[in-house]
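# Structure assessment
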Amino acid sequence: MHDVGLRRSKHRESAVGEVEAWIEVKVAGARILTSEELARYAARSPVCGWRIPITLRIGRRFLDLIILPEFPRMAPRVALVEVGMDPNATPHVEEDGVLCLLDDMSSVADDDPLRVTQHVLESAQSLLERFSGGDVDAEFRREYLTYWARDSSKGAAPVFSLLRAAEGTRGIVAWAGRNIVLVAENEEDADHWLRHRFRDLDEKLVFVAGALFWMNQELVPSEFPRSRQQVLALSDGDRVGRRSLMEAAKACPSELFIVLGCNSGDAVCFTSVSLRRPPHLGHGFRPGERWRKFFAFGSAPARRHVLRIDGPWIHGRGKDERHSRLAKTSVIIIGCGSVGAPTAIALANAGVGSLTLIDPQVLESANVGRHPLGVADVGSYKSKALRNRLLSKLPHMTDVVEHHEGWQEIFSKNPRLFESADLVLSATGVWAEEGALNEWHVGSGRKIPVLYGWTEAHAVAGHAVVIKGSGGCLRCGTNSVGVRRFRVSDWPDGLERLKAEPGCGGLFQPYGPVELMSTIGLVAEMALDALLDDGQSKSSFHRVWSAREARIREFGGSWTSDWRKTVGDNERGSQTRELEWEARSTCRECQ
Ligand SMILES: [Zn+2]
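Let us look at the coordination of the zinc ion. Of the protein atoms, only Cys473 (SG), Cys476 (SG), Cys587 (SG) and Cys590 (SG) coordinate the zinc ion, at distances of 2.2 to 2.3 Å. Taken together, the 4 donor atoms surrounding the zinc ion define angles of 96 to 123 degrees at the centre, an arrangement classified as tetrahedral. Every donor residue of the zinc ion comes from the same chain, spaced as C-x2-C-x110-C-x2-C. Within this pair, whereas Cys473 is found in the loop between strand 17 (461-467) and strand 18 (489-490), its partner Cys587 is found in the segment after strand 21 (575-580), the two being separated by 114 residues in sequence.

Core analysis: the largest hydrophobic core is formed by 57 residues, its most contacted members being Trp50, Leu256, Ile258 and Phe295. Here this core takes 8 residues from helix 3 (residues 113-132), the largest share from any one element. Filtering out sequence-adjacent residues up to four positions away, Ile258 remains in contact with Ala211, Phe213, Val231, Leu245, Thr271, Ser272, Val273 and Leu275. The next biggest cluster of nonpolar side chains, apart from the first, holds 54 residues, and it includes Ile333, Leu347, Leu394 and Leu531.

Following the criterion strictly, the structure yields 11 aromatic pairs and no others. Centre to centre, the rings of Tyr144 and Trp148 are 6.1 Å apart; their planes meet at 65 degrees, and the pair counts as edge-to-face. With a gap of 4 residues between them, Tyr144 and Trp148 both fall in helix 5 (residues 144-151), about one helical turn apart. As far as the burial class goes, Tyr144 and Trp148 line up, both buried. Residues Phe411 and Phe418 carry aromatic rings whose centres are separated by 5.5 Å and whose planes lie at 70 degrees to one another, so their mutual orientation is edge-to-face.

The next thing to look at is the pairing of strand 15 (residues 423-426). On strand 15, burial covers both faces: Leu423 and Leu425 on one face and Val424 and Ser426 on the other are all buried. Sheet topology note: the strand 12 (residues 330-334)/strand 15 ladder contains 4 bridges and is parallel. Residue pairing for strand 15: Ile334 is matched across the bridge by Ser426. Here strand 15 runs beside strand 16 (residues 450-455); their pairing, made up of 3 bridges, is parallel. Residue pairing for strand 16: Leu425 is matched across the bridge by Leu451. Traced from strand 15 through helix 16 (residues 431-443) to strand 16, the parallel crossover comes out right-handed.

Attention now moves to the packing of helix 12 (residues 340-350) against helix 13 (residues 382-393). For the pair helix 12 and helix 13, the least separation of the axes is 11 Å and the interaxial angle reads 20 degrees. Relative to helix 13, the element helix 12 is oriented roughly parallel. Note on packing geometry: the crossing formed by helix 12 with helix 13 is right-handed. Residues Ala341, Ala344, Ile345, Ala348 and Asn349 of helix 12 form the contact with helix 13, whose participating residues are Leu386, Leu390 and Lys393. Here the residues of the contact of helix 12 with helix 13 are counted per class, giving 6 nonpolar, 1 polar and 1 charged.

The rules behind the values
- Residues numbered from 1 in each chain as written.
- Predicted model: local features only at pLDDT ≥ 70, side-chain atom pairs only at ≥ 80, totals over all residues.
- Heavy atoms only, no water.
- Donors = N, O, S within 2.8 Å, 3.2 Å for Na, K, Ca; no water.
- Tetrahedral: all angles 85-135°; square planar, octahedral: opposite > 155°, others 65-115°.
- Helix = DSSP H or I, 4+ residues; strand = E, 2+ residues; numbered from the N terminus.
- Core = buried A, V, L, I, M, F, W, Y, C linked by side-chain atoms within 4.5 Å.
- Buried < 20%, exposed > 50% of the residue type's maximum accessible area, 1.4 Å probe, protein only.
- Contact = heavy atoms within 4.5 Å.
- Phe/Tyr/Trp six-rings, centres within 6.5 Å; stacked < 30°, edge-to-face > 60°.
- Pairing = 2+ DSSP bridges.
- Right-handed = clockwise from strand over helix to strand, strands pointing away.
- Axes fitted to C-alpha atoms, helices over the stretch in contact; angles between N-to-C directions.
- Parallel < 35°, antiparallel > 145°, perpendicular 65-115°, else oblique.
- Left-handed = near helix turned anticlockwise from the far one by under 90°.
- Nonpolar A, V, L, I, M, F, W, Y, C, P; charged D, E, K, R; others polar.

As structure tokens, then:
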């Protein structure tokens, strides 16, 4: 038995006492459960319980009320006893007879244990009343995946699905290996995903045909296919389904995967059954007979759980149309350091489909404390290690390309790469690179947005500037050595180490990596705004984040008069502002 000490509430005894007093006085015919009776619920570590009579339309029956160690933070459980209903034919009943009334995680009022107990008993009574009236199937369908999972064959691995959440019976492909089963609409999708997921796959992959049956509604447990004939019967009256199944069975080398799809609630849901090829199928039969034999002989079907791993599901549970827009976008990230790399990950998580990562540097151990890559990647090119990280995390991404060279070398080889992107993001903090990028951007007519992200000394402030078709260019807001005209922090000579150690000198303090997250959030959000063009200004603009002034003073700095003018005298808390990035009439780049 595991120790339940931490689950025990100090209020439990008085709460149990309150319930006990109520039962003694108000519930005629109730009695305390014996330890033998409680043993039925041993997996829940019950503390105590009562057997309680209830009156249903079909007559007087009994329920067990069970107090768990977490009571009163967790509601008591109610189990079905001698109710004359088969637990396997009654929805919302777990294997030990306990009714699923409240989600285990749902919070209950811990200061009124009696009311919670009464509510649980009333819910149990009304649930049983409904089912004794025969309205069982609707409940089973509502909880289809739960019952399917409970009923799934022990030891059968789940099936990973790249299938589109689209209606309709159709042929699909399956791949089994590396301890997974993958199903997809076609070989190309499956191959693309597998080579991203398993970087060392270099052999030609062999796919097998499978079938997807679209059903009008969820199955209830009594309809779950338990024999090969029942699997075949799923395609009765469905010519496309029968033909897909026939083709797949004829070509099946070892195991046939069938996916069952339907609409459930407001989402598409998939389950799967698989059939092993019968051992003696042989070649002696005519092909027309062979597929019938496939469904007549052999082991029972394995019922499997399906895990959707397609992009729309992973990024938005298939519910946000912005995902399909982001999935088509392509972003170039110049500089995969402490701002660029986490921003790349944030954009990939948000659903951006294609990334080009550019950084000529290898990861040093000194970078690790403020970089998403770790010691295992020290000595590898940042761009390459980040690419591998992203593709194994999100193998459905359209593409992640890496170049471990400077952006100008890449540009000279393939200038069209930059023109065809939806956004270029520069996070190098190196003026030689960014000044050149701005020169190209202005010269090419500023057709796509370019976003620059950087931090100030000690990471006490962060900036994101997006340069668009109108408004200032990057040079409009910088002096001739790239120093930004608008700054948050002022430093006496010698305290601003940023100049001596470009891009990272500000981070050697414990809050550095933490405060950096605000800048990363600022840059990533601005990138998404630019890609989705959500009510954003058509002109260049600037977002600034600043730590509390006290943090800046800690390092001997102070707020600039520009920033003080922007935020006023409110020195408490960190702050974010959005500002114009204005064109400067004397700019040597754009005027
Ligand atoms: Zn300019």
